[in-house]
Amino acid sequence: MPDALLLLPSRGRPDRIEPAIDAWRANSTDCDLLVCLDDDDPTLDEYQRHPDVRYRVGPRIRMCPTVNAAATENADQYRYIGFIGDDHLIRTPGWDRLLIESIGDWGIAYGDDKLQGAGLATHCMLSSNIVSAVGYMAIPGLTHLYMDNFWMDLGHAIPGFLTYRPDVIVEHMHPTAGKSEGDDGYAEVNSPAMFSADRAVHEKWLRGGGLERDVDLILTAMHR
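Residues numbered from 1 in each chain as written. Predicted model: local features only at pLDDT ≥ 70, side-chain atom pairs only at ≥ 80, totals over all residues. Heavy atoms only, no water.

> Explanation requested: the pairing of strand β6 (residues 108-112) in the structure shown.
Working note: regular strand, side chains alternate between the two faces of the sheet. Within β6, five of the five residues are buried, which leaves the element mostly enclosed by the surrounding structure. Bridge count between β6 and strand β7 (residues 124-127): two bridges; the pairing is antiparallel. In the sheet register, A109 faces β7, and the bridge partner there is M125. As defined by bridge partners, β6 adjoins strand β8 (residues 162-172) across five bridges and the pair is classed as parallel. (Buried < 20%, exposed > 50% of the residue type's maximum accessible area, 1.4 Å probe, protein only. Helix = DSSP H or I, 4+ residues; strand = E, 2+ residues; numbered from the N terminus. Pairing = 2+ DSSP bridges.)

> In this structure, what is going on with the sheet that holds strand β3 (residues 54-58)? I would like to understand it.
For sheets, the rule is that strands pair by backbone hydrogen bonds, running either parallel or antiparallel. Reading across from one edge, β3-β2-β1-β4-β7-β6-β8-β5 is the order of the eight strands in this open sheet, with mixed pairing throughout. Here the strands that pair on one side only, and so sit at the sheet edges, are β3 and β5 (88-90). Strand after strand, the sheet turns through a mean of 35 degrees between neighbouring axes, direction not considered. Sheet contacts for helix α3 (residues 95-103): β1 (4-9), β2 (31-38), β4 (80-83), β5, β6, β7 and β8; angle to β8, the most-contacted strand, approximately 165 degrees. (Axes fitted to C-alpha atoms, helices over the stretch in contact; angles between N-to-C directions. Contact = heavy atoms within 4.5 Å.)

> What should I look at first to understand the environment of I158 in this one?
On the secondary structure map, I158 appears in the loop between α5 (147-157) and β8. Every residue in contact with I158, bar those within four places of it in the chain, is listed here: V215, I218 and L219.

Next comes the structure, spelled out in structure tokens:
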């Protein structure tokens, strides 16, 4: 079994996810791919089912809760868990092994998405013991946004815990970069209401003791 599991949630994009799968297949050396789909997606039957890809189909609980469910279900089976969106394209051969080697036993690593660069981990690889220690991969209560901010906050809070690899390219083909066309999905998750709600959840975690709690849980687990 590979060391890592890469989570790839998607909804309503059966055609657009195919380049992401092709890029994973062409450039990965040590990670399985788990595509996470909603059972009420009107386009569910249009998704190709590749024999080398794992699939998880469940109720629509939105992206961040789906990532949490998939991560906690698999944290004891893989040493590392990664995330990309269906609009990310892995460009670097052996990208997964490069990030894994940067992490070691504990930590978070990410590459250059050609949009946010070092500033934000819009994709990541992290050691699964983090998920086991804190109980999630995204702050409970988030719907779609601020998951990447959580990884950055957690990584910066523990010395040596976060690694940026500019030599690893996982390109974010986002409409704001002019690299793809917008659709209803983008409009929904990037609405002012979504930003406001997820920002409030992140701020409550950050300012209300959640960061300190999670750091303590991780440090305790690290030193057992």
